[in-house]
Amino acid sequence: MSRRPLPGPDDSPDRLYTVTGGRSQAATDAFDTVTLIVAESGPVPGMQSEHARILRICAHPTAVVELAADLGLPVSVVKILLGDLLESGRITARHPRFAHAGRLPDLDTLKQVLHGLQRL
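So, how was this worked out
Residues numbered from 1 in each chain as written. Predicted model: local features only at pLDDT ≥ 70, side-chain atom pairs only at ≥ 80, totals over all residues. Heavy atoms only, no water. Helix = DSSP H or I, 4+ residues; strand = E, 2+ residues; numbered from the N terminus. Buried < 20%, exposed > 50% of the residue type's maximum accessible area, 1.4 Å probe, protein only. Contact = heavy atoms within 4.5 Å. Areas by Shrake-Rupley, 256 points an atom, 1.4 Å probe, with all protein chains shown as cover. Core = buried A, V, L, I, M, F, W, Y, C linked by side-chain atoms within 4.5 Å. Axes fitted to C-alpha atoms, helices over the stretch in contact; angles between N-to-C directions. Parallel < 35°, antiparallel > 145°, perpendicular 65-115°, else oblique. Nonpolar A, V, L, I, M, F, W, Y, C, P; charged D, E, K, R; others polar.

### A word on the overall build of the protein chain
Part 1: The secondary structure content of the protein chain amounts to 5 helices and 3 strands.
Part 2: Traced from its N-terminal end to its C-terminal end, the protein chain shows the element sequence α-β-α-β-α-α-β-α.
Part 3: A buried classification covers 26% of the 120 residues belonging to the protein chain.
Part 4: In the protein chain, 70% of the contacts between residues at least 6 apart in sequence involve partners at least 24 apart.
Part 5: Accessible surface for the protein chain amounts to roughly 8500 Å². Of this, 55% is attributable to carbon and sulfur atoms.

In C-alpha cells form, the structure reads like this:
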C-alpha cells in the first residue's frame, strides 16, 4: 500500500517559475531571513495574489522567514516577491540590528553596566 503525501503548498517548479516571473534571484540583497517587513499600503485590485497576501500579513512587522512559512514558499521566492514590493514602495524592510540604532545608550551607561557585571 503506497502512502499519499500530506497535502501542502504547491511548490512545483512550474508554479514557482510563474510566481516569480521566471526570476531565480532577488534584484536586491536588502533581505535576509530575519529582516522585518512592514506593509506601507494595502493590496490593490489586480495585484498578484502572493503580493497581496504579503501585504496583509505584514500589517505588523514580520520576519522574512515567518513570511515564507506563512506563504508555504521557499525563502528565495519570498525574497523575489519582497523585492517587487520594495521597489514599488509598498513595504519597508528593516534589519533588527538597525531598528533601534537611533536609541543606543550613551557610553557612560554602558560603562556602568559593565562595572556592575564585573562586580557580580
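### With respect to the environment of Ala63
Part 1: Tracing the sequence through the fold places Ala63 in strand β2 (residues 62-63).
Part 2: Once the C-alpha coordinates of Ala63 and Asp32 are considered, the two residues, 31 residues apart in sequence, prove to be 8.8 Å apart.
Part 3: Residue contacts for Ala63: discarding those within four places in its chain leaves Thr33, Val34, Thr35 and Leu36.

### Some details on the nonpolar core
Part 1: Among the nonpolar cores identified, the biggest contains 21 residues, and Ile37, Ile54, Leu67, Leu73, Val78, Leu82 and Ile91 are the most heavily contacted of them.
Part 2: Of all elements in the fold, only α1 (13-20), β1 (36-39), α2 (49-57), α3 (64-71) and α4 (75-87) reach the threshold of two or more residues within this core.
Part 3: Of the residues forming this core, the biggest block, 5 residues, is contributed by α4.
Part 4: The contacts of Ile37, once residues within four sequence positions are left out, are Phe31, Cys58, His60, Pro61, Thr62, Val64, Leu67, Leu82, Ile91, Thr92 and Ala93.

### Points about the packing of α3 against α4
Part 1: Where α3 contacts α4, the two axes come as close as 9 Å, and the packing angle between them is 105 degrees. Relative to α4, α3 is oriented roughly perpendicular. Here Val64, Leu67, Ala68 and Leu71 of α3 come into contact with α4, specifically with Val75, Val78, Lys79 and Leu82.
Part 2: Grouping the amino acids of the contact of α3 with α4 by side-chain chemistry returns 7 nonpolar, no polar and 1 charged.

Any link to function would need more than the numbers given here.
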